[in-house]
Amino acid sequence: MATTLEPEPKKRRRSRAAEVTRIRIMEAAEILFADRGIDGVALREIAAAAGQGNNTAVQYHFGSKEQLVYDIFDYRSNLFEPLRAEMLDTAEKSGRIDDVRVLLQVLVLPHLTICDDSGAHPYSAFLAQYLTRSRAEGIRHPYDNPEAPVPALRRVRRLIAERCGHVPSDVLRLRVGLVKLMFLNMLMRRDSGFPRSDEAMPLAMLVEDTLDLMTAALTAPYRHDPPPPLIPLPAGPGQAASRRAR
């Protein structure tokens, strides 16, 4: 018996419908993850929040929670890429490509383009949750894959490294993560009502001030022999082992 093939337009419609469903699931997951953390949300809750009648819709479209998280980052990174590329091009044409503060704008300002109907930034809150908890637990990010197609993001990270050559690479990597969290946490605090609306501190003012703080933190001198702290600092696991070996 000859196999009956679906007409091409119908196949494309099904593909588009599946992609729309995937986006709904990812956006619903962002909000839930931002509010309760990645570990605190069940896949069936995500399916329900995305308006899916099938409780296993997330497993069907993504396979696992880890893959869902990875695909959210992949989806958002691809949305950010054209804007970051445009910002880098503008910085280059205006002669500001050497300015670390400008490069930090390229890194973080695209997050302002993703907000919900109330003006809150659930993706930024979700990313902050991931950076402070889930990344250390081994959940992957597309940037970890050297073949991931994010040339603008890789270029801005490389330019930042070139302009902060006085900072050891491992320390700089930590600094970049910390200053990015500074920006994300500013958005989270604002979304939760701080500062209050009657304090006359618009988002633009908060962004500019936070960028100044980020630039100062990222470019601060690196002390190879810092002065002793005012109180003893707890030793990390490696330091404790080193001391016992002496």
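Residues numbered from 1 in each chain as written. Predicted model: local features only at pLDDT ≥ 70, side-chain atom pairs only at ≥ 80, totals over all residues. Heavy atoms only, no water.

**Focus on the side chain of T215**
- Residue position: T215 is located in helix α9 (residues 203-219).
- Take T215: its relative accessible area is 16%, and that puts it in the buried class.
- Aside from chain neighbours lying at most four places away, what touches T215 is V100, R101 and L104. (Helix = DSSP H or I, 4+ residues; strand = E, 2+ residues; numbered from the N terminus. Buried < 20%, exposed > 50% of the residue type's maximum accessible area, 1.4 Å probe, protein only. Contact = heavy atoms within 4.5 Å.)

**Structural notes on the packing of aromatic side chains**
- A complete count under the given rule lists six aromatic pairs for this structure.
- For the pair F73 and Y123, a centre-to-centre distance of 6.3 Å together with 70° between the ring planes defines the contact as edge-to-face. Linking F73 in helix α4 (residues 65-93) with Y123 in helix α6 (residues 122-134), this pair joins segments that are 50 residues apart in sequence.
- Residue classification places F73 among the buried positions, given a relative accessible area of 0%.
- The rings of F33, F73, F80, Y123, F126 and Y130 are connected pair by pair, giving a single aromatic cluster.
- One residue, R76, lies across the ring of Y123, its end atom 5.7 Å from the ring centre.
- Sitting over the ring of Y143, R154 keeps its end group 4.6 Å from the ring centre. (Phe/Tyr/Trp six-rings, centres within 6.5 Å; stacked < 30°, edge-to-face > 60°. Lys NZ or Arg CZ within 6 Å of the ring centre and 35° of its normal.)

**Thoughts on helix α7 (residues 151-163)**
- Taking 1.5 Å of rise per residue, the 13 residues of α7 would be expected to cover 18 Å, and the 18 Å separating its terminal C-alpha atoms lies within 8% of that figure.
- Those residues of α7 that fall on the buried side of the exposure criterion are A152, L153, V156, L159 and I160. Projected down its long axis, α7 carries its buried residues within an arc of 130°, all on one side. For α7, the exposed residues set more than 90 degrees away from the buried face come down to P151 and E162.
- Tucked into the core, α7 has its buried residues touching α4, α5 (100-108), α8 (169-191) and α9. (Expected span 1.5 Å × (residues − 1). Arc of directions from axis to C-beta.)

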